[in-house]
Amino acid sequence: NGRVTGFNKGGLVVNLGGLRAFCPLSQIEMGFCQDPESYAGKTLSFKIIELRGGGRNLVVSHRAILEEEAKAQGLILREKLSKGDELEGKITRIERFGAFVDIGGVEGLVHVSEISHTRVNSPGDVLKSGQTIKVKILDIKDLGGDRERISLSLKALEPDPWSNLSFREGQVITGKVVSLQAFGAFVGVAPGIEGLVHISQLTAEKRVNNPSEVVSVGQEVQVRVQDIDRKQHRISLSMRAAQAAVEQEIEQQDMAEFESKERLKVGEVDGSMADALRKAGLL
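Heads up: these notes are all about the structure in this document. Quick caveat: nothing in here was measured; it's all calculated off a predicted structure.

What counts and how
- Residues numbered from 1 in each chain as written.
- Predicted model: local features only at pLDDT ≥ 70, side-chain atom pairs only at ≥ 80, totals over all residues.
- Heavy atoms only, no water.
- Phe/Tyr/Trp six-rings, centres within 6.5 Å; stacked < 30°, edge-to-face > 60°.
- Buried < 20%, exposed > 50% of the residue type's maximum accessible area, 1.4 Å probe, protein only.
- Pairing = 2+ DSSP bridges.
- Helix = DSSP H or I, 4+ residues; strand = E, 2+ residues; numbered from the N terminus.
- Axes fitted to C-alpha atoms, helices over the stretch in contact; angles between N-to-C directions.

1. Here's the deal with the packing of aromatic side chains
Okay, so step 1: Per the stated rule, a full pass over the model turns up two aromatic pairs.
Okay, so step 2: Ring geometry for F97 versus F100: centroids 6.0 Å apart, planes at 90°, classification edge-to-face.
Okay, so step 3: Relative accessible area serves as the criterion here: at 15%, F100 is assigned to the buried category.
Okay, so step 4: Centre to centre, the rings of F183 and F186 are 6.1 Å apart; their planes meet at 90°, and the pair counts as edge-to-face.

Here it is, written out as structure tokens:
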């Protein structure tokens, strides 16, 4: 054990029973230590990693102690882990494909697709290193082996938006384009729900070679719900069919208005015409 008596940009100055020792910045914590000043005055356990000059030059590591403790905790935890467990963990690092989480001496991965039901382009947009989160174990492979893999999920702990959709097949709804692919456009139609407008369903006015010719990311569009596959979490949408449905509705309204006028008899005045005549002082 040693007491931290000072610090500098390289690490901590430690008093080991009257001997001066140095703990490099990389040996303070298991991850990067962002606040070495916070250790001033604290007594910690250290492991001697370098000893020269009869003890006049001592280099120590607190990280080595933490790693040994984590390894021991990991051995105990591995005996208890199983699929479906819900645990608290701390994010150790973030990559473009997801976030690694320490769940108690054992590390697992929350893939970017398991962060949220809503689209996440970069894990760093919603998570940060050192953050404590609650996760659910989706899968465990080669536990304790050289190729150990523990798949974790944040979104599995959230309500599934697919369980209570607010629309049905055949309905025309409004959505927002969230991404473009060579084969079509993905449109967000509810929180956590995206559907695909195939390139052939973008418009009936012309042949489309690239979706960007018709829509852009962030654009609000009207789509018709063609098909809902709740099991596979897929929705087929059509802007082409939505436009046709809107045009058909306009035609039906025009026809209904025409038929109502056809029922008028000689000498009768149309209500809208009567209002216009009253305003003009002619009726």
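2. Details of the sheet that holds strand 14 (residues 193-198)
Okay, so step 1: Overall, mixed pairing links the five strands, which are arranged 12-13-14-16-15 in a closed barrel. Across this sheet, the average inter-strand angle for adjacent strands is 50°, counted without regard to direction.
Okay, so step 2: Sheet topology places strand 14 next to strand 16 (residues 234-238); two bridges connect them, and they run parallel. Looking across to strand 16, one finds that L196 is bridged to S236.

3. Remarks on the pairing of strand 9 (residues 107-111)
Okay, so step 1: Here strand 9 shows a clear split, with G108 and V110 buried on one side and none of E107, L109 and H111 buried on the other.
Okay, so step 2: Pairing of strand 8 (residues 98-102) with strand 9, which is carried by five bridges, proceeds in the antiparallel orientation. From the neighbouring strand, A99 faces strand 9, where its bridge partner is V110.
Okay, so step 3: Two successive antiparallel strands, strand 8 and strand 9, enclose a turn made up of four residues, where G104 displays a positive phi of approximately 115°.
Okay, so step 4: Judged from the two bridges that link them, strand 9 and strand 11 (residues 149-153) form a sheet pairing that is parallel. Of the residues in strand 11, the one forming a bridge with V110 is L152.

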